[in-house]
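Each chain is listed here by its residues.
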Amino acid sequence: RSDVDHALLYMGISALEEVRKGEEYLNAKRYKVFLREVQKIKDGTNFIQPEEEVVKRADFISKCPAEPSGGAGALVQVRIGGETISRRFDGDDILKDVLNWIGAHGSTIPDLIMTREWSLVDLHRYPVTEIDVEGDAEKTLQYIGCWPSGKLEIRPSTPKWKDDKVPCGEAGSSRGLGAVSS
């Protein structure tokens, strides 16, 4: 007991408390909670009525357009937690079609994206940018830059994105038809 340097111990605890207030720590903590929630959604353990979840997922997939045959269309990849799902879409399919397809993998995911609890980001853009799903839902995949391919990721939203409700960038500003000036 006499070997404990109380001043050094106090400084160490103070340093750890400061780290816990930092943006990097808060983002890592938010991501850890996100991964746990994604796993529950995939496993179906967060639903009271699993049969109801199956019906909801089937409803989402029924709203999706037919997948282009023979390797035609745009390959859209979406990373959800540690898993990447992929499917082909036509260039004139809309973002809402992608959301319906995502909903077939977990019926609560589209709502979490629409309420900005989670965000859908375009990994083909630099810097990585959130997609304004509400404003771009009816825009074509070609317009938003997901043609001939799209690489998207679902992430926990940053407080700024969640609270501001202001798009960080115009859809297609660096890719797609939105890149063409009017």
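Here, every reference points to the structure presented above.
Along every chain, residues carry numbers that run from 1 in the direction the sequence is written. Totals for whole chains, interfaces and linings use all residues, but because this is a predicted model, local features are given only for residues with pLDDT of at least 70 and pairs of side-chain atoms are given and counted only at 80 or more. Note that the side-chain values use all heavy atoms of the structure and ignore hydrogens as well as water.

Break down the packing of aromatic side chains for me, citing the residues and quoting the values.
Each aromatic ring pair is summarised here by two numbers: the centre-to-centre distance and the angle between the ring planes. Planes of paired rings set the category: under 30 degrees apart is stacked, over 60 is edge-to-face and the rest tilted, where pairs are Phe, Tyr or Trp rings (Trp by its six-membered ring) whose centres lie within 6.5 Å. Counted by the stated rule, this structure contains three aromatic pairs. Seen in terms of ring centroids, phenylalanine 34 and tryptophan 118 are 4.8 Å apart; in terms of plane orientation they differ by 80 degrees. Their pairing is edge-to-face. Note that phenylalanine 34 is positioned in helix α2 (residues 23-43) and tryptophan 118 in strand β3 (residues 118-122), a separation of 84 residues in sequence. The same class applies to phenylalanine 34 as to tryptophan 118, namely buried. With a centroid separation of 5.7 Å and an interplanar angle of 75 degrees, the aromatic rings of phenylalanine 89 and tryptophan 101 are classed as edge-to-face. Note that phenylalanine 89 is positioned in strand β2 (residues 83-89) and tryptophan 101 in helix α4 (residues 95-103), a separation of 12 residues in sequence. The pair phenylalanine 89 / tryptophan 101 is uniform in exposure class, with both members buried. Ring pairing ties together the aromatic residues Tyr31, Phe34 and Trp118, which thus form one cluster. To qualify as a helix, a DSSP run of H or I must reach at least 4 residues; to qualify as a strand, a run of E must reach at least 2; elements of each kind are numbered from the N terminus. Type-normalised accessible area, obtained with a 1.4 Å probe on protein chains alone, sets the label of each residue: buried when under 20%, exposed when over 50%, and partly exposed for intermediate values.

Residue-level account of the side chain of glutamate 153, with values.
Within the secondary structure layout, glutamate 153 lies in strand β5 (residues 149-156). There is a polar contact of 2.7 Å between the side chain of glutamate 153 and the side chain of arginine 155. By definition in these notes, contact holds between two residues if any of their heavy atoms fall within 4.5 Å. If we skip the residues at most four places from it in the chain, glutamate 153 touches Arg79, Ser119, Leu120, Val121 and Leu123. Here a polar contact is recorded for every N or O atom pair within 3.5 Å, except that within protein the pair must consist of a potential hydrogen donor and a potential acceptor, and residues adjacent in sequence are included only if both atoms are side-chain atoms.

I'd like a rundown of the sheet that holds strand β4 (residues 129-130), residues and numbers included.
A pair of strands is considered paired only if DSSP assigns at least 2 bridges between the two. The five strands lie next to each other as β2-β1-β5-β3-β4, forming an open sheet whose pairing is mixed. At either end of the open sheet lies a strand with only one pairing partner, and these are β2 and β4. Here strand β1 (residues 74-80) runs beside β2; their pairing, made up of seven bridges, is antiparallel. Its bridge partner lying in β2, arginine 79 is registered against threonine 84. Orientation is described by axes fitted as lines to C-alpha atoms, over the contacting stretch for helices, and by angles from 0 to 180 degrees between their N-to-C directions. Contacting β1, β2, β3 and β5, α2 runs over the sheet at an angle of about 110 degrees to β5.

Explain the nonpolar core residue by residue, including any values.
Side-chain atoms within 4.5 Å link the members of a nonpolar core, which is a set of buried Ala, Val, Leu, Ile, Met, Phe, Trp, Tyr and Cys residues. Membership of the largest hydrophobic core comes to 26 residues, with the highest contact counts inside it found for Val78, Val98, Trp101, Ile102, Trp118, Leu120 and Ile154. If you list the elements that add at least two residues to this core, you get α2, β1, β2, α4, α5 (109-114), β3, α7 (141-144) and β5. For isoleucine 154, the contacting residues outside a window of four places in its chain are Phe34, Val78, Arg79, Ile80, Ile102, Ile109, Ile113, Trp118, Ser119 and Leu120.

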